[in-house]
Amino acid sequence: MKKELIMVGPPASGKGTQTKKLAEITGLKHVDTGSMLREAVASESEAGKIAKSFMDKGQLVPVDIVARIIKERLSKDDCKNGFILDGFPRSLEQAEILDKILKEIDENNEVDLKVIYFDIPVDNLVDRIVNRRSCPNCGAIFNIKTMKLKNDGKCDNCNTELVQRADDNETTAKSRFNTYFEQTAPLIDLYNKRGILVKIKALGTIEEVFENLKVVI
Ligand SMILES: [Zn+2]
């Protein structure tokens, strides 16, 4: 049976890290919206070209174009046995679009579809954001509260002075999460009613959360 997993979780919930690990052990294709858009632009597909024209102007790519790109991507051979979709949908409107796409591409497939929700209290998320530092040289990200760095304030990989992003402060983080939860609440509700929502406890170490994730998929 074709396995389809849709990952939903707030920023800093660890969703990206966990999804990468999961793709490795399951062999399912990890499809995330950011890479998908970049891939479409690079391939110069018709939808990719339209997407580029918006990105070049610094505008959001319209949802119908994103939908075309998602459909093209999920129809490729490497998604034949299933995929893990990450970054879409983020709202009820996008969930309805995804319903249509999946209906079209899975006309002749038996599908095991699950929506995995990374459940973690807002206070913990805010805490992660304010303690987050990144390396301007190699891009590595560290949590200065939970990780013991070899040299205080320096990158463990390349010893460059770590920096904090300007919007990684409590006020901005809280407002970002409020917006996120407002948008996703109806989406979670919808998948819950359909009986395909699986909540996992996303608080803990990377290994602990990964264990929680493995048992539900
Ligand atoms: Zn570094």
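Everything numeric in this text was worked out from a predicted model, so none of it was measured.

Draft legend 1. Region of the structure containing helix α2 (residues 33–43). Among the residues making up α2, those that are buried are Thr33, Met36, Leu37, Ala40 and Val41. Along α2, the residues classed as buried sweep out an arc of 130° about the axis, all on the same side. In α2, the exposed residues that point more than 90 degrees away from the buried face are Arg38 and Ala42. At its buried positions, α2 is contacted by β2 (29–32), α3 (46–56), α4 (63–74) and β3 (82–86). A positive backbone phi angle near 55° is found at glutamate 44, which sits one or two residues after α2.

Draft legend 2. Local environment of the pattern of salt bridges. Counted by the stated rule, this structure contains 19 salt bridges. Between lysine 76 and glutamate 39 there is a salt bridge whose closest N-O contact spans 3.8 Å. Here lysine 76, found in the loop between α4 and β3, pairs with glutamate 39, found in helix α2; they are 37 residues apart in sequence, far enough to count as distant. Close ionic contact of lysine 71 with glutamate 104 constitutes a salt bridge, the shortest N to O distance being 2.8 Å. With a gap of 33 residues between them, lysine 71 in helix α4 and glutamate 104 in helix α5 (residues 92–105) connect regions that are remote in the sequence. You can call lysine 71 partly exposed: its relative accessible area is 32%. Several salt bridges share partner residues, and in doing so they unite Glu39, Arg73, Lys76 and Asp78 into one network.

Draft legend 3. Spatial organisation of the nonpolar core. Judged by nonpolar contacts, the single largest core of 34 residues is most densely connected at Val8, Ile69, Leu74, Phe83 and Tyr191. For this core, the elements supplying multiple residues, two or more each, are β1 (2–8), α2, α3, α4, β3, α5, β4 (111–119) and α7 (170–194). If near-sequence neighbours (up to four positions away) are discounted, phenylalanine 83 is found in contact with Lys2, Lys3, Glu4, Leu5, Leu28, Lys29, Val31, Leu74, Leu102 and Ile105. Ala23, Ile84, Phe118 and Leu125 belong to the second largest nonpolar core, which has 20 residues in total.

Draft legend 4. A look at the coordination of the zinc ion. Taken together, the protein donors to the zinc ion comprise Cys135 (SG), Cys138 (SG), Cys155 (SG) and Cys158 (SG), at separations of 2.2 to 2.3 Å. The site at the zinc ion holds four donor atoms, and with the angles between them running 99 to 124°, its shape is tetrahedral. Ordering the donors of the zinc ion by residue number gives the pattern C-x2-C-x16-C-x2-C. Here cysteine 135, found in the loop between β5 (132–134) and β6 (141–143), pairs with cysteine 158, found in the loop between β6 and α7; they are 23 residues apart in sequence, far enough to count as distant.

Draft legend 5. View of the side chain of lysine 2. With respect to the helices, strands and loops of the structure, lysine 2 is situated in strand β1. Looking at lysine 2, its side chain comes within polar contact range of the side chain of glutamate 4, at 3.3 Å. Of the polar contacts made by the side chain of lysine 2, one reaches the side chain of aspartate 106; its length is 2.6 Å.

Draft legend 6. View of α3. Those residues of α3 that fall on the buried side of the exposure criterion are Ala47, Gly48 and Ala51. One side of α3 holds all its buried residues, which, seen down the axis, span an arc of 95°. Exposed side of α3, more than 90 degrees from the buried face: Glu46, Lys49 and Asp56 are the residues found there. Buried-residue contacts for α3 involve α2 and α4.

Draft legend 7. Broad picture of the sheet that holds β4. Ordered in space as β2-β3-β1-β4-β7, the five strands form an open sheet in which the pairing is parallel. Among the strands making up the open sheet, the edge pair consists of β2 and β7 (197–201). Taking the axes of each pair of neighbouring strands and ignoring which way they run, one obtains an average angle of 25° across the sheet. Where β4 meets β7, five bridges bridge the pair, whose relative direction is parallel. Its bridge partner being in β7, tyrosine 117 is matched across the sheet by lysine 199. Where α2 meets the sheet, it contacts β2 and β3, and its direction lies at approximately 85° from that of β2.

Draft legend 8. Representation of the environment of leucine 203. Residue position: leucine 203 is located in the loop between β7 and α8 (206–216). Leucine 203 sits in the partly exposed class, given a relative accessible area of 33%. In this structure, the C-alpha to C-alpha distance between leucine 203 and proline 121, residues 82 residues apart in sequence, is 8.2 Å. Excluding anything up to four places from it in sequence, leucine 203 contacts Asp119, Ile120, Pro121, Asn124, Arg128 and Val209.

Conventions we followed
- Residues numbered from 1 in each chain as written.
- Predicted model: local features only at pLDDT ≥ 70, side-chain atom pairs only at ≥ 80, totals over all residues.
- Heavy atoms only, no water.
- Buried < 20%, exposed > 50% of the residue type's maximum accessible area, 1.4 Å probe, protein only.
- Helix = DSSP H or I, 4+ residues; strand = E, 2+ residues; numbered from the N terminus.
- Arc of directions from axis to C-beta.
- Contact = heavy atoms within 4.5 Å.
- Salt bridge = Lys/Arg side-chain N within 4 Å of Asp/Glu carboxyl O.
- Core = buried A, V, L, I, M, F, W, Y, C linked by side-chain atoms within 4.5 Å.
- Donors = N, O, S within 2.8 Å, 3.2 Å for Na, K, Ca; no water.
- Tetrahedral: all angles 85-135°; square planar, octahedral: opposite > 155°, others 65-115°.
- Polar contact = N/O pair within 3.5 Å; in protein donor to acceptor, adjacent residues only side chain to side chain.
- Pairing = 2+ DSSP bridges.
- Axes fitted to C-alpha atoms, helices over the stretch in contact; angles between N-to-C directions.

Any functional reading would require information that these geometric values do not contain.
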